[in-house]
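Here are the chains, one letter per residue:
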Amino acid sequence: MRLVRENFPSKWKVRPDGLAKVTGTLKYLTDLIFPNMLYGKVLRSSYPHAKILSISTGNAEKLEGVKAVVTHNDVPGMNRFGLIFPDQPVLCDDVARYVGDAIAAVAAESEEIAELAIKLIEVEYEPLEVIDDPEKALLQSAVKLHPGGNILHRAGYKSSEEVMNVIKECPYVVEETYETPRQMHAYMETEGGVVVPDKNGGITVYAATQHGFKDRMQLARILGMPESDIRVISSPIGGSFGGKDELNIQPYAALLALKTGRPIKLHNKRSESVRAGIKRHPMKMKMITGADEQGKLVGHYVKIIADTGAYATLGPAVLDFAVEHSTGPYLIPHVDIEGISVFTNNGVSGEYRGFGGNQVTFALESQIDRLAEMMRMDPLMLREINIRNAEDLGPLGQRIVANDGAKNVLSMIKSSTILTAPLKRQDNWCLRGRGAAITMHGGGLGFGRPDPSGARLALTKEGEIEIAFGFEEFGQGLLASIEIMMTDMLGCAKEDIKIVIGDTDLVPASGSSTASRSTNMIWQGINKLKEPWRDKILDAASSVTGVQKRKLFIGERGVWEKGVKNKMIITYKELAKSFSHNLPVCSTQYHFPTTPDAVIGGHYLHTYAAVAAEVEIDQLTGRIKVTKLDHSVAAGPVVNPLGYLGQIEGGAIMGLGFTLFEDSIMEHARYHTENFDSYLLPTIKDIPLSTNVDVDESLFESDIFGPRGVGEIGTVAVAPAITAAIHNACGIWVSKLPVSPEELLNALELTPFLFDQQEVVE
């Protein structure tokens, strides 16, 4: 079904936070100002790898207006942080491992004074050998960046000992190495916020994160104080895409707030964000894929090297995800996948929309297209021959929820006019082509990883139905989705609802707002609460009104009595007033669904997508323009169609940037680009004017898990669809992203291509 307003008229809702966002009246956390507030700044390392011989803060402390300077000596608890391994120093004491490492932090009466004070801090370094390439880091002779060496994590999956032998026997074999870039999250609001100390020694942290409770836990370890003394308020956020999942400015603002006893505002400039913030993992992937005479994929060998930068953060989980998704939605009997995540002195890589799936999907789908060309077969037909069935095991041999999404999206994209209508005629300077790709993407954190969630429903004394989750709103349309699910599942009106999110003092722990899990967790939470909630409310209404409970139902504005003509017998406000205390509250805790098989990291719920792209290539400049982009997505029922559309279209543009423009280039472990004026992002002129999203909402009858999240799936298969279109236009295969216009021009001069191979109109 086409995802347009006409097909979802009752669910096409204006976002409750939309007006404030588009008019600029919404206060983000970095907009907050408190009385007596100071401004913080962080001194970052001058070198990508160096011993720290001494730190002298005397001159900075003497500067008028400076109220505090902190170094590693001022960290009362554990001087380390990290979502999986706490290996990153809050403030370096002996060694700096990348240019984003923090050395000291300053609090001052103004941002300008804080910046000046930072320059007055004297640090004596002894530069060390720089490891700026993961393959160099793997050499025996390489300097060890951490006590355990330069390998952060290994992951792999092998279904057969005969993979290479089987491949050697194949009549069709493609071997290629692919490279993907270090992409920025490029959120509009850089990392920042305010930490406010209280009279009892605690703090309130107003700062962006995707997991407030995990921030609280990490801050408690750093500050050496109980978690109960820390409140984290983490919403609304001006964009994240995974980039604010790890701690960023919070420890520094908290240390300064506790030392000065005053609120500290710390807001990264873009250059500071680039230097210290995480990026998408650059990956180098070798793939060897073999197929038999009939087009059946027989063997698939994969070796992945991921540059995780100086510290771990979520690097291990990203690599696990990449390994799992290296076979995509295909059945391949002989598989051997090996991944390695390597420390370097480059910028830290971490969570990013797609979580390692984008990189391997680009490589895998390119392999499929190359095989199809070698076999003179339609690439979609080759996919059809090898596509998974609903009941097949997952990529790691684990049981997964049965779903025909892979076949359905492939079938849907085949009818895209991008692929069915003849291409416009090639002209003197413009080449045109089209291509397609598909993918499957796991939701949640996977087997063996704590992935709990929680929800709470309560009637407030003001008569509001309060729904509380520990998730954050960072542009994905969370509030609208909660509102729609509440009205659909409880029957109340949106005006009856009060939504509380992103405040550790007010909400239950719901896990992270990541891994495309929030929508599913919200649906499951409300689904679990709705019956006990209905019982409590109807019991109370029956007691107050004397009407039998069996005749009552919950509706808009209050409780209604069934009849020839239903009538409301008590409003929620009246019902709330009837309680002298103990207003109705229902809570639940639950876990993201996981496979019953003990496959660490293996996913259970999946979404599926197919993308068709049409491109134009300017033969004078090598510039590539994506002119059309269609999507087919299978993610269960559509909860919030406007939000769903935004996620797919927005994700696609992020994927377009990954393919054609974006790369945080580093040389000798230093960033070439520290601002958006020299980092190419897609603008409105780069966005295809023609784009369509078709959805498959079907779930099997046995599938009790409800709608899946679509925060990531829209971005995963865009790159291989575009590069397939480039090949279709000019005959050149792309193996490195972003596609370089210069390299494309050079290749065009060397590559003969018969354009009459294409179907065109005059």
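Reading guide: rules and limits
Residues numbered from 1 in each chain as written. Predicted model: local features only at pLDDT ≥ 70, side-chain atom pairs only at ≥ 80, totals over all residues. Heavy atoms only, no water. 1 Å grid on protein atoms, 1.4 Å probe; cavity = no way out; pocket = protein on both sides within 12 Å on 5 of 7 lines; lining within 4 Å. Points joined across faces, edges and corners; volume = space filled by probe spheres on them. Nonpolar A, V, L, I, M, F, W, Y, C, P; charged D, E, K, R; others polar. Helix = DSSP H or I, 4+ residues; strand = E, 2+ residues; numbered from the N terminus. Buried < 20%, exposed > 50% of the residue type's maximum accessible area, 1.4 Å probe, protein only. Polar contact = N/O pair within 3.5 Å; in protein donor to acceptor, adjacent residues only side chain to side chain. Salt bridge = Lys/Arg side-chain N within 4 Å of Asp/Glu carboxyl O.

Per an unreviewed UniProt entry, the chain carries the name Xanthine dehydrogenase subunit D and comes from Metabacillus sediminilitoris.

A. Empty space enclosed by the protein, seen in detail. In total, this model carries 5 cavities of 30 Å³ or more according to the counting rule given. For the largest cavity, the calculated volume is near 190 Å³. Along its surface, the largest cavity is lined by 17 residues, and Tyr98, Leu247, Asn248, Ala276 and Gly277 are the ones closest to its centre. Here the lining of the largest cavity is built from residues that sort into 7 nonpolar, 7 polar and 3 charged.

B. Quick look at the side chain of serine 740. Relative to the assigned elements, serine 740 resides in the loop between α19 (718-730) and α20 (741-750). Taking the relative accessible area as the measure of exposure, serine 740 reaches 18% and is therefore buried. A distance of 3.1 Å separates a polar side-chain atom of serine 740 from the backbone nitrogen of glutamate 743.

C. Representation of the pattern of salt bridges. Within the structure shown, the criterion is met by 40 salt bridges. Salt-bridge contacts for aspartate 17 lead to lysine 21; the nearest nitrogen and oxygen are separated by 3.3 Å. Under the relative-accessibility criterion, lysine 21 is labelled partly exposed at 21%. Note that aspartate 503 and arginine 231 form a salt bridge whose closest N and O atoms lie 2.5 Å from each other. In this pair, aspartate 503 is assigned in the loop between β19 (497-500) and α15 (518-545) and arginine 231 in strand β11 (residues 230-233), connecting sequence segments 272 residues apart. Overlapping salt bridges bring together Lys41, Glu111, Glu115, Lys269 and Glu272 as one network.

D. Structural detail: helix α7 (residues 250-260). Across the 11 residues of α7, 9 count as buried, placing the element largely inside the fold. When α7 is considered as a whole, its buried residues turn out to be Gln250, Pro251, Tyr252, Ala253, Ala254, Leu255, Leu256, Ala257 and Thr260. Looking one or two residues beyond α7, the residue adopting positive phi is glycine 261, at roughly 70°.

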